[in-house]
Amino acid sequence: EDAAHQARFDARIDADGRIEPRDWMPAAYRKTLVRQISQHAHSEIVGMLPEGNWISRAPSLKRKAILLAKVQDEGGHGLYLYSAAETLGTSRAEMLDGLHSGRAKYSSIFNYPTLSWADVGVIGWLVDGAAIMNQIPLCRCSYGPYARAMVRVCKEESFHQRQGYESLLVQMQGTQAQRDMVQDAVNRYWWKCLAMFGPPDADSPHSGQAMRWGIKRFSNDDLRQKFVDATVPQARVLGVTLPDPDLKWNEARGQHDYGAIDWDEFWQVVNGHGPMNRERLATRVKAHEDGAWVREAAAAHAVKQAQRNLK
Ligand code: ACO
């Protein structure tokens, strides 16, 4: 019977159809999705922290309102994604435990500090820009709940990217000190954003199978290249230099060449040894513990509601 299930699943995947929560699916497909979606959810939640640090220091009411909305959106994306992962039979408590114990991964990019206000703009422009490049194809992911969640997430990410770019445009029209601050933030974030797309295809253990299953639609290197090509003209308009002497248009390929990414540093960070890993996790764990009374109150309220409904 399993063979028949497998054949039906394969046919659906080959026809580019969607797999839904109650459909039969191979255990490895389920496992890969739980891994990717939960890592993605954790990234959204931890991703609130670097920018959250700047909410109380935003330079104007307008910037503060934008930043508050954006950070709140990221929290919403995290909850959305945990729900999508839950449809695969893993509880939210299990996923959160993975994050809080340091077992689960989340995006490397959030383990770097936000040193100046320009970092907030650069995170919008480059980090959210990279995130969109990676997430638009996930709207066509073979797993229905993940694909549908990505549609809304991408719309909001697009707003995040634009607000960051616009903030930087304004700063670049300011004083020399402001322009220097933007350039410094670009210098610190550029290479980290290229690494966000994940290891080179040859060193990416999950890519082959994930692409055959229609979970990933483009390889890590292909998305990285698209991001470089899309960002170069934006940097020119902004008036900043991307910190890579090897970055140049390659006429023959019709794409940009770029320099070597420091993969040793990437793996250090992924394995918990980045500049902010400890602090990010400690902040998350504390927020979870401080929120215990809210969860208890909500659970007590639900019990009371249920009892009232019985009467
Ligand atoms: N940061 C941390 N870990 C990473 C990163 C990264 N930037 N890139 C890859 N890894 C991890 C993978 O999770 C995997 O670890 P695991 O085997 O322990 O699960 C390992 O490195 C090997 O990588 P791949 O084989 O390339 O893994 P995968 O096929 O899952 O591709 C990718 C990685 C591209 C990040 C994919 O999981 C994905 O598209 N995820 C959804 C998007 C996402 O999570 N975005 C989060 C950041 S954007 C934001 O939140 C604003």
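Note that this is a predicted model, so its numbers are computed, not measured.

A. Structural view of the side chain of Thr114. Summarising the element assignment, Thr114 is placed in the loop between α5 (92-100) and α6 (117-135). In this structure Thr114 comes out as buried when scored by relative accessible area, which is 10%. At 2.8 Å, the side chain of Thr114 forms a polar contact with the backbone oxygen of Pro50. Once you skip the residues sitting within four places of it in the chain, Thr114 turns out to touch Pro50, Asn53, Trp54, Asp119, Ile123 and Tyr189.

B. Quick look at unusual backbone geometry. Unlike most non-glycine residues, Asp16 shows phi in positive territory, near 60°. Within the fold, Asp16 resides in the loop between α1 (2-14) and α2 (27-46). Using a relative accessible area of 43% as the deciding quantity, one classes Asp16 as partly exposed.

C. Region of the structure containing the packing of aromatic side chains. Considering all chains together, one arrives at nine aromatic pairs under this definition. Summarising the aromatic geometry, the rings of Tyr29 and Trp213 are spaced 5.5 Å apart at their centres and angled 85° between planes, so their arrangement reads as edge-to-face. You can see Tyr29 sitting in helix α2 and its partner Trp213 sitting in the loop between α9 (207-212) and α10 (220-238), a full 184 residues away along the chain. Each member of the pair, Tyr29 together with Trp213, is buried.

D. Molecular detail of the side chain of Gln163. Structurally, the position occupied by Gln163 is in helix α7 (residues 144-172). A polar atom in the side chain of Gln163 sits 3.0 Å from the backbone oxygen of His160.

E. The arrangement of the confidence of the model for the chain in detail. Here the chain averages 97 in pLDDT, while 100% of its residues score no lower than 70. We note a pTM of 0.96 for the whole complex and an ipTM of 0.98 for its interfaces.

F. Representation of the site of the ligand within the structure. Around the ligand, a shell composed of 29 residues is seen, among which Gln39, Lys105, Ser204, His206 and Lys216 lie nearest. Contact distances for the ligand include 2.8 Å between a nitrogen atom and a backbone N or O atom of Ser108. Between the ligand and Met196, the relevant distance is 3.0 Å, taken from a nitrogen atom to a main-chain nitrogen or oxygen of the residue. About the coverage of the ligand: the protein hides 90% of its 960 Å² of free accessible area. The site holding the ligand turns out to be the largest pocket. Secondary-structure elements contributing two or more residues to the shell around the ligand are α2, α6, α8 (176-196) and α11 (263-273). The biggest single contributor to the shell around the ligand is α2, with six residues.

G. Expanded view of the pattern of salt bridges. For the coordinates displayed, the defined rule picks out 16 salt bridges. Taken together, the salt bridges that share partners define one network made up of Glu51, Lys70, Glu74 and Asp128.

H. The arrangement of the layout of surface pockets in detail. Its boundaries defined by the atoms lining it, the largest pocket holds a volume of some 990 Å³. What lines the largest pocket is a set of 43 residues, and nearest its centre among them are Gln39, Asn134, Met196, Phe197 and Gly198. Mapped by element, the contributors of at least two residues to the lining of the largest pocket are α2, α6, α7, α10 and α11. The element contributing the most residues to the lining of the largest pocket is α6, with seven residues. Residues that form the lining of the largest pocket fall into these classes: 19 nonpolar, 14 polar and 10 charged.

I. Summary view of α10. The end-to-end C-alpha distance of α10, which contains 19 residues, comes to 26 Å, matching closely the 27 Å that a straight helix rising 1.5 Å per residue would cover. Its axis deflected by about 25° at Thr231, α10 carries its strongest bend there, up to four residues before the proline Pro233. Taken together, the buried positions of α10 are Asn220, Leu223, Arg224, Gln225, Phe227, Val228, Thr231, Val232, Ala235 and Leu238. Of the residues flanking the end of α10, it is Gly239, one or two places downstream, whose phi is positive at about 90°.

J. Seen up close, the nonpolar core. In this structure, Tyr29, Leu33, Ile37, Trp125, Tyr143 and Tyr146 are the most contacted members of the largest nonpolar core, which totals 69 residues. The contact partners of Tyr29, leaving out residues within four places of it in the chain, are Phe9, Ile13, Ile19, Ser142, Tyr143, Trp213 and Ile215. Ile55, Ala58, Val71 and Val120 belong to the second largest nonpolar core, which has seven residues in total.

K. Layout of α7. Over its 29 residues, α7 extends 42 Å from the first C-alpha to the last, a length consistent with the 42 Å expected when each residue adds 1.5 Å. Along its length, α7 shows its largest kink, about 25°, at Val151.

L. How the structure looks around empty space enclosed by the protein. All told, the structure shown has one cavity of 30 Å³ or more when counted by the stated rule. In this structure, the largest cavity occupies an estimated 50 Å³ of space. Along the walls of the largest cavity sit Arg63, Ile66, Leu67, Trp117, Val120, Gly121, Gln163, Gly164 and Ser167, which together make up its complete lining. For the lining of the largest cavity, a count of residues per class yields four nonpolar, four polar and one charged.

Rules of the game
- Residues numbered from 1 in each chain as written.
- Predicted model: local features only at pLDDT ≥ 70, side-chain atom pairs only at ≥ 80, totals over all residues.
- Heavy atoms only, no water.
- Helix = DSSP H or I, 4+ residues; strand = E, 2+ residues; numbered from the N terminus.
- Buried < 20%, exposed > 50% of the residue type's maximum accessible area, 1.4 Å probe, protein only.
- Polar contact = N/O pair within 3.5 Å; in protein donor to acceptor, adjacent residues only side chain to side chain.
- Contact = heavy atoms within 4.5 Å.
- Phe/Tyr/Trp six-rings, centres within 6.5 Å; stacked < 30°, edge-to-face > 60°.
- pLDDT = per-residue confidence, 0-100.
- Near = heavy atom within 4 Å.
- Areas by Shrake-Rupley, 256 points an atom, 1.4 Å probe, with all protein chains shown as cover.
- 1 Å grid on protein atoms, 1.4 Å probe; cavity = no way out; pocket = protein on both sides within 12 Å on 5 of 7 lines; lining within 4 Å.
- Sits in = over half its atoms within 2 Å of the grid points.
- Salt bridge = Lys/Arg side-chain N within 4 Å of Asp/Glu carboxyl O.
- Points joined across faces, edges and corners; volume = space filled by probe spheres on them.
- Nonpolar A, V, L, I, M, F, W, Y, C, P; charged D, E, K, R; others polar.
- Expected span 1.5 Å × (residues − 1).
- Bend = angle between axes of the 7 residues up to and from the residue.
- Core = buried A, V, L, I, M, F, W, Y, C linked by side-chain atoms within 4.5 Å.

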